[in-house]
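Overview (structure and organization)
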Amino acid sequence: FRGAPYLANCIGHQTQIILCSNRQPDRIRSNKIVLLPLGAETMSEAYSLSEEDRARQSLLQDTEALIARGADHVPPQFASHLLARVLFEDLVHYKPSELASIATDAWAFIQNRAPGTPKLSIQTPSDARPGSALNTISVLSILNDDMPFLVDSVMAELSERGISAQLVAHPI
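Before going into details, it helps to say that this report is about the structure given with it. What you are looking at is a predicted structure, and each value in this text was computed from that prediction instead of being measured.

**Description of the overall build of the protein chain**
- Each helix and strand in the protein chain was counted, giving 7 helices and 5 strands.
- In the protein chain, the succession of α and β elements from N to C terminus is α-β-β-β-α-α-α-α-α-β-β-α.
- Here the analysis covers contacts within the protein chain between residues at least 6 apart in sequence; of these, 62% occur between residues at least 24 apart.
- By element, 53% of the accessible surface of the protein chain is carried by carbon and sulfur atoms, the whole surface being about 9900 Å².

**Overview of the pattern of salt bridges**
- Tallied over the entire structure, the rule returns 3 salt bridges.
- Close ionic contact of arginine 161 with glutamate 157 constitutes a salt bridge, the shortest N to O distance being 2.6 Å.

**Some details on the packing of aromatic side chains**
- Under the definition given, this model contains 1 aromatic pair.
- Judged by centre distance (5.0 Å) and plane angle (70°), the rings of phenylalanine 78 and tryptophan 107 are edge-to-face. A residue pair is termed long-range when its members are at least 10 positions apart, and phenylalanine 78 in helix H4 (residues 78-83) and tryptophan 107 in helix H6 (residues 96-109) qualify at 29 residues. Tryptophan 107 carries the same exposure label as phenylalanine 78, and that label is buried.

**Quick notes on H6**
- The terminal C-alpha atoms of H6, which comprises 14 residues, lie 20 Å apart, in line with the 20 Å expected from a rise of 1.5 Å per residue.
- Burial within H6 is extensive, with 11 of its 14 residues counted as buried.
- Residues Glu98, Leu99, Ala100, Ser101, Ile102, Ala103, Thr104, Asp105, Ala106, Trp107 and Phe109 constitute the buried set of H6.

**Some thoughts on the packing of helix H3 (residues 51-69) against H6**
- Their axes nearest at 8 Å, the elements H3 and H6 cross at an angle of 60°. Regarding the angle of H3 to H6, the classification is oblique. Taken as a pair, H3 and H6 cross one another with a handedness that is right-handed. Across from Leu59, Asp62, Thr63, Leu66 and Ile67 in H3, the residues of H6 making contact are Pro96, Ser97, Leu99, Ala100, Ala103 and Thr104.
- A breakdown of the residues in the contact of H3 with H6 according to their chemical character gives 7 nonpolar, 3 polar and 1 charged.

Thresholds applied
Residues numbered from 1 in each chain as written. Predicted model: local features only at pLDDT ≥ 70, side-chain atom pairs only at ≥ 80, totals over all residues. Heavy atoms only, no water. Helix = DSSP H or I, 4+ residues; strand = E, 2+ residues; numbered from the N terminus. Contact = heavy atoms within 4.5 Å. Areas by Shrake-Rupley, 256 points an atom, 1.4 Å probe, with all protein chains shown as cover. Salt bridge = Lys/Arg side-chain N within 4 Å of Asp/Glu carboxyl O. Phe/Tyr/Trp six-rings, centres within 6.5 Å; stacked < 30°, edge-to-face > 60°. Buried < 20%, exposed > 50% of the residue type's maximum accessible area, 1.4 Å probe, protein only. Expected span 1.5 Å × (residues − 1). Axes fitted to C-alpha atoms, helices over the stretch in contact; angles between N-to-C directions. Parallel < 35°, antiparallel > 145°, perpendicular 65-115°, else oblique. Left-handed = near helix turned anticlockwise from the far one by under 90°. Nonpolar A, V, L, I, M, F, W, Y, C, P; charged D, E, K, R; others polar.

Okay, here's the thing in structure tokens:
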């Protein structure tokens, strides 16, 4: 059992750059759902997670807790699925409150799009404040029908223009 069912149901076969992940820490075994820590594929892996995996799990749990306290109607575990495949070295530059802001903005962004019409946004995160890491970045969000090499093409174009990506999250 792979993928994030609620995320797939929300956006279908669409791709979102800087915004989504299809990683699912749940596994179905004998009609039971066994929740494994993020990054673990099996129970034995759950007990042998690296220090980095445990730090990632803690960061994402803190992020999820902040989102759960908000009134933004973001589904449980959305941020964890969104950020599951982001490199840990990119995540550690952000506080849980900053990651919660990114995830909340991502959820709001993916809610509406006409089929066959791409949706694009370049903005400063909504919760950017002086001194915050969010105040120094712009978020490029793209919501589009599934297209091969979309992420690679966008990343190449950004690189050609001298723009470096500090955090990239996408569903594949």
